[in-house]
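Fold and contact review
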Amino acid sequence: MVRHVLVACASFAFAYFAAVAHSAEPPAPPPETATDSTRDSDAMALEQAQAIVGIMFPPKTREQTFAKTIDDVLGQFRRAMKVDSVPDAGLRKILNEQLDAMPSLLMPTVREYLPQILNATALAYTHEYSLDELRHIRAFAETPAGSRYLQTSMKLLGDPAVAKVNEAYLAAIQKIQLAERDRMQAEISDYLKKNPDVTARLEGGRSADLKE
């Protein structure tokens, strides 16, 4: 269960705006070549993309945005898995405490990777969109409607309509995962019984690892 929660939450790990530093104007450059032109175009595209992502995830609110998203996903997961319906009180308590602890466990890693993820997202924009398209996207992002649209897109995950579908989706995925886990375990167990030499090699490898 914890593994599935981690995977679900990790998929929302975007944020942190790294501002582009502009140096002083350099001396007049030599005549521009095709390579220089491409390089300049790439730099301008990246600047546009970074500005767009910065509007999407303002530095002052990015952590709250992702903390809220994690809470929304965990709440949907808790309801989809019917954790509060687990008949044993002790087991139910363990599961609920684990889910309650997940935000504080995840956020340090989210903070650590936000700069890298955001920079990679901006770079991905330059791969997908042309410089002209990025300029148009930025122009839209800088309008009141555009900035609100981009900044609230993740918030929609917590909307009741979306949450209802996500809970059903997560429950269906969980059934498939459990069925596949049982099938795979049975297949591996049968294979190892038919191939005892494989078991011996695996156990030998574990022994060597423990000695190291």
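Note that the coordinates shown come from a computational prediction; the quantities given were computed from them, not determined experimentally.

The relation between two aromatic rings is expressed through the spacing of the ring centres and the mutual angle of the planes. Enumeration according to the criterion identifies three aromatic pairs in this entry. On the basis of an interplanar angle of 40 degrees and a centroid distance of 5.4 Å, the ring pair of Phe-57 and Phe-66 is categorised as tilted. Residues Phe-57 and Phe-66 agree in their burial class; the two are buried. With centroids separated by 5.9 Å and ring planes inclined at 80 degrees, the aromatic side chains of Tyr-125 and Tyr-129 adopt a geometry described as edge-to-face. We classify Tyr-125 as partly exposed; its relative accessible area is 21%. Taking the relative accessible area as the measure of exposure, Tyr-129 reaches 34% and is therefore partly exposed.

Looking now at the pattern of salt bridges. Counted according to the given criterion, the structure contains eleven salt bridges. Taken together, the salt bridges that share partners define one network made up of Glu-180, Arg-183 and Glu-187.

Definitions and limits used
- Within each chain, residue numbers correspond to sequence positions counted from 1 in written order.
- Reporting in this predicted model follows two pLDDT cut-offs: at least 70 for local features of residues, and 80 or more for side-chain atom pairs to be given and counted; totals over whole chains, interfaces and linings ignore these cut-offs and use all residues.
- With hydrogens and water set aside, each side-chain value is computed from the structure's full complement of heavy atoms.
- Aromatic rings from Phe, Tyr and Trp, with only the six-membered ring used for Trp, were paired whenever their centres fell within 6.5 Å, and each pair was classed as stacked if the ring planes differed by under 30 degrees, edge-to-face if by over 60, and tilted otherwise.
- Note on classification: 1.4 Å probe, protein chains only; a residue is buried when its accessible area is under 20% of the maximum for its type, exposed when over 50%, partly exposed between these limits.
- For this document, the term salt bridge refers to a Lys or Arg side-chain nitrogen within 4 Å of an Asp or Glu carboxyl oxygen.

Everything listed here is a matter of geometry and, on its own, says nothing about what the molecule does.
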